[in-house]
Amino acid sequence: MANQQNEQHVNPETEAAKALSVAIQQEIAAGRVREIKTDKELDEWLLEPDENKD
């Protein structure tokens, strides 16, 4: 019987999305950006003067 290799297909878009997600979480954890989870938080951020935005 032929020797079959078990190759795992890796989707580059999925891998890129995972890497981006990790990078974003690291930026949030480091305090360089903040996560906006609600419409109210977004509204407050949009009303901030630009010099106060992170």
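Above this text you will find the structure in question.
So, here's what we can say about the structure.

Cut-offs used in this document
- Residues numbered from 1 in each chain as written.
- Predicted model: local features only at pLDDT ≥ 70, side-chain atom pairs only at ≥ 80, totals over all residues.
- Heavy atoms only, no water.
- Helix = DSSP H or I, 4+ residues; strand = E, 2+ residues; numbered from the N terminus.
- Buried < 20%, exposed > 50% of the residue type's maximum accessible area, 1.4 Å probe, protein only.
- Areas by Shrake-Rupley, 256 points an atom, 1.4 Å probe, with all protein chains shown as cover.
- Patch = residues over 30% accessible without salt bridge, like charges linked within 9 Å, V, L, I, M, F, W, Y side chains within 5 Å.
- Salt bridge = Lys/Arg side-chain N within 4 Å of Asp/Glu carboxyl O.
- Expected span 1.5 Å × (residues − 1).
- Polar contact = N/O pair within 3.5 Å; in protein donor to acceptor, adjacent residues only side chain to side chain.

**A word on the overall build of the protein chain**
Part 1 of the argument: Regarding its fold elements, the protein chain presents 2 helices and 0 strands.
Part 2 of the argument: For the protein chain, the proportion of its 54 residues judged to be buried stands at 0%.
Part 3 of the argument: Accessible surface for the protein chain amounts to roughly 5,300 Å². Of this, 50% is attributable to carbon and sulfur atoms.

**Let's talk about a nonpolar patch on the surface**
Part 1 of the argument: A cluster of nonpolar side chains, Ile-36, Leu-42 and Leu-46, forms an exposed patch at the surface whose accessible area comes to about 230 Å².
Part 2 of the argument: Relative to the helices and strands, Leu-46 is located in helix α2 (residues 39-47).

**Considering the pattern of salt bridges**
Part 1 of the argument: What the rule picks out here adds up to 4 salt bridges.
Part 2 of the argument: Linking Glu-15 and Lys-18 is a salt bridge whose minimum nitrogen-to-oxygen distance equals 3.5 Å. With Glu-15 and Lys-18 both in helix α1 (residues 12-29) and 3 residues apart, this pair spans about one turn of that helix.
Part 3 of the argument: Judged by relative accessible area, Glu-15 falls into the partly exposed class, the value being 39%.
Part 4 of the argument: Put simply, Glu-27 and Arg-32 hold a salt bridge, and the shortest N to O gap is 2.8 Å.

**Some details on α1**
Side chains that are three or four residues apart share a direction in an α-helix, a result of its 3.6 residues per turn.
Part 1 of the argument: Over its 18 residues, α1 extends 26 Å from the first C-alpha to the last, a length consistent with the 26 Å expected when each residue adds 1.5 Å.
Part 2 of the argument: The N-cap residue of α1 is Asn-11: its side-chain oxygen and the backbone nitrogen of Glu-13 are 2.9 Å apart.

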